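Below, each chain spelled out in residue letters.
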Amino acid sequence: MLLALLALALITFVLAIPMLVRELGRRRAKRQAARAPRGEIELPLYDPGRERRAEQRARELLKSCVNDEEWAMYRDLGFIRVSGKHSRREADRPGGGPAYAYLVYAHKPIVAFVPGSGQLLSEYCVEFPDMSGTGGRHRLPASDDVLAKWMALTSDEDRVIHRANMHLVGRQLDPARVRRDLWRLAEWERRRQRRRQVSRSE
Amino acid sequence: MKPGHGEVLLAEGDPRVRAEEELLIEEFRRQLDEGMWAAVPTTNAGSGRREAQMVRDFGDIPEGADRVIFFPRASGG
């Protein structure tokens, strides 16, 4: 009886060997797949929200750095005016204001103009290229580009202007559009002034 | 500011704490070595207007500044 049971157990074991081998092989393959490095042809997943989130953060950063008026200007008009610091004569400063100023656009040249007359002086092509050396050619988010120009102009105007490529207005920007932006800016300031007067009189 | 990403926090700490100051100095130098410009947003004492101050050395950072912003150096576009 015992011999028969042993023989039965042996036969069962022999019959189960192929199943065991197959199961072990499957487990080994699974372990190796988990341990193996990611395939070289595997591409990183594109995150469609990354740029939008980066721009959102950039707007917050810009808002926290610039003056309230400059932030409102950027929010409403899409550019910031920055005053120039130099002037040859006191007469060049009408009403004590700056002799010239810049319009700072995102990913477009900086435009120098005369605030009193609206005369366009020149455009300065400047960019803030990717220096990480990781390949690719990424740009700063739009609001970061504006902030970088604002910081460079308000802290060291000469350095950024000397690094820029200077052209007459019209090389990259349409002069008619810049004049229209100056008109929009003047209207915006007038409305803002009126609102301020109304709130003061109330 | 990192192209393609926007704002990235590099390091934070209290410069009055020795260990944290060393960490901040190390990161500051690393960024400048990589060719970045560093600026601190400040308020002009005379006009009250906000502006930026470019810093080339950790010691140039105005006392009480709560942040230093690094951005790629400008070049002709």
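**Student:** So what's going on with the overall build of chain A? Residues and values would help.
**Tutor:** Summing up its helical and strand segments, chain A has five helices and five strands in all. Taken from the N to the C terminus, the helices and strands of chain A come in the order α-α-α-β-β-β-β-α-β-α. Counting over 202 residues, chain A shows a buried share of 27%. Contacts spanning at least 24 positions in sequence make up 55% of the contacts within chain A whose residues lie at least 6 apart.

**Student:** Got a sec to walk through the interface of chain A and chain B? Specific residues and values, please.
**Tutor:** Taken together, the contact between chain A and chain B spans 30 residues of the former and 24 residues of the latter. Of all the secondary structure elements, the ones that give two or more residues to the side of chain A that touches chain B are helix H2 (50-65), strand E4 (120-127) and helix H4 (142-163) of chain A. For the side of chain A that touches chain B, the leading source of residues is H4 of chain A, giving nine residues. Class assignment of the residues belonging to the side of chain A that touches chain B gives a composition of 17 nonpolar, five polar and eight charged. Here two bridges tie E4 of chain A to strand E4 (residues 75-76) of chain B, and the two strands are oriented antiparallel to one another. Across the sheet, the residue bridging to Glu 127 of chain A is Ser 75 of chain B, located in E4 of chain B.

**Student:** Help me get a handle on the sheet that holds strand E1 (residues 36-43) of chain B, residues and values and all.
**Tutor:** Taken together, three strands build an open sheet; the order of strands is E2-E1-E3 (chain B) and the sheet is antiparallel. In the strand order of this sheet, the two ends are held by strand E2 (50-55) and strand E3 (69-72) of chain B, each with one partner. In this sheet, neighbouring strand axes are inclined to one another by 40° on average, regardless of whether the strands run parallel or antiparallel. Bridging between E1 of chain B and E3 of chain B involves four bridges; their strand directions are antiparallel. Counted as the bridge partner of Ala 38 of chain B is Phe 70 of chain B from E3 of chain B. Running over the sheet, H4 of chain A touches E1, E2 and E3 of chain B and is turned about 80° from E2 of chain B. Contacts between helix H1 (residues 18-33) of chain B and the sheet are confined to E1 and E3 of chain B, with E1 of chain B contributing the most and set at about 120° to the helix.

**Student:** Go over the pairing of strand E2 (residues 101-105) of chain A, please, and point to the residues and values.
**Tutor:** All names here are of chain A. The buried fraction of E2 amounts to five of the five residues, a majority that puts the element mostly inside the structure. By the alternation rule, side chains of E2 split into Ala 101, Leu 103 and Tyr 105 and Tyr 102 and Val 104, which are all buried. Examined bridge by bridge, strand E1 (residues 79-83) and E2 share five bridges and lie antiparallel to one another. Paired with Ile 80 across the strands is Val 104, a residue of E2. Inspection of the sheet shows E2 paired to strand E3 (residues 110-113) by three bridges, in the antiparallel sense. Its bridge partner lying in E3, Leu 103 is registered against Val 111. What sits between the antiparallel neighbours E2 and E3 is a turn of four residues, in which His 107 has the positive phi angle 55°.

**Student:** So, the packing of helix H3 (residues 68-77) of chain A against helix H5 (residues 175-201) of chain A: which residues are in play, and what are the values?
**Tutor:** Residue and element names in this part refer to chain A. Close contact between H3 and H5 brings their axes to 11 Å; oriented N to C, the two are set at 125°. Here H5 runs oblique to H3, going by the angle between their axes. For the element pair H3 and H5, the recorded crossing hand is right-handed. In this structure, H3 contributes Met 73, Asp 76 and Leu 77 to the contact, and H5 contributes Arg 184, Leu 185 and Trp 188.

**Student:** Can you lay out the confidence of the model for chain B for me, pointing to particular residues and giving the numbers?
**Tutor:** In this model, chain B carries an average pLDDT of 90, and 100% of its residues clear a pLDDT of 70 or more. Interface scoring of the predicted complex returns ipTM 0.90; its pTM is 0.78.

**Student:** Can you explain unusual backbone geometry? Please cite residues and give values.
**Tutor:** All names here are of chain A. Of note in this structure, His 107 is not a glycine but carries a positive phi near 55°. Inspection of the secondary structure assignment puts His 107 in the loop between E2 and E3. Accessibility expressed as a C-beta count within 10 Å gives 13 for His 107, which makes it partly exposed.

Definitions and cut-offs
Residues numbered from 1 in each chain as written. Chains lettered and ligands numbered in written order. Predicted model: local features only at pLDDT ≥ 70, side-chain atom pairs only at ≥ 80, totals over all residues. Helix = DSSP H or I, 4+ residues; strand = E, 2+ residues; numbered from the N terminus. Buried ≥ 20, exposed ≤ 12 C-beta atoms within 10 Å, placed from the backbone. Contact = placed C-beta atoms within 7 Å. Nonpolar A, V, L, I, M, F, W, Y, C, P; charged D, E, K, R; others polar. Pairing = 2+ DSSP bridges. Axes fitted to C-alpha atoms, helices over the stretch in contact; angles between N-to-C directions. Parallel < 35°, antiparallel > 145°, perpendicular 65-115°, else oblique. Left-handed = near helix turned anticlockwise from the far one by under 90°. pLDDT = per-residue confidence, 0-100.

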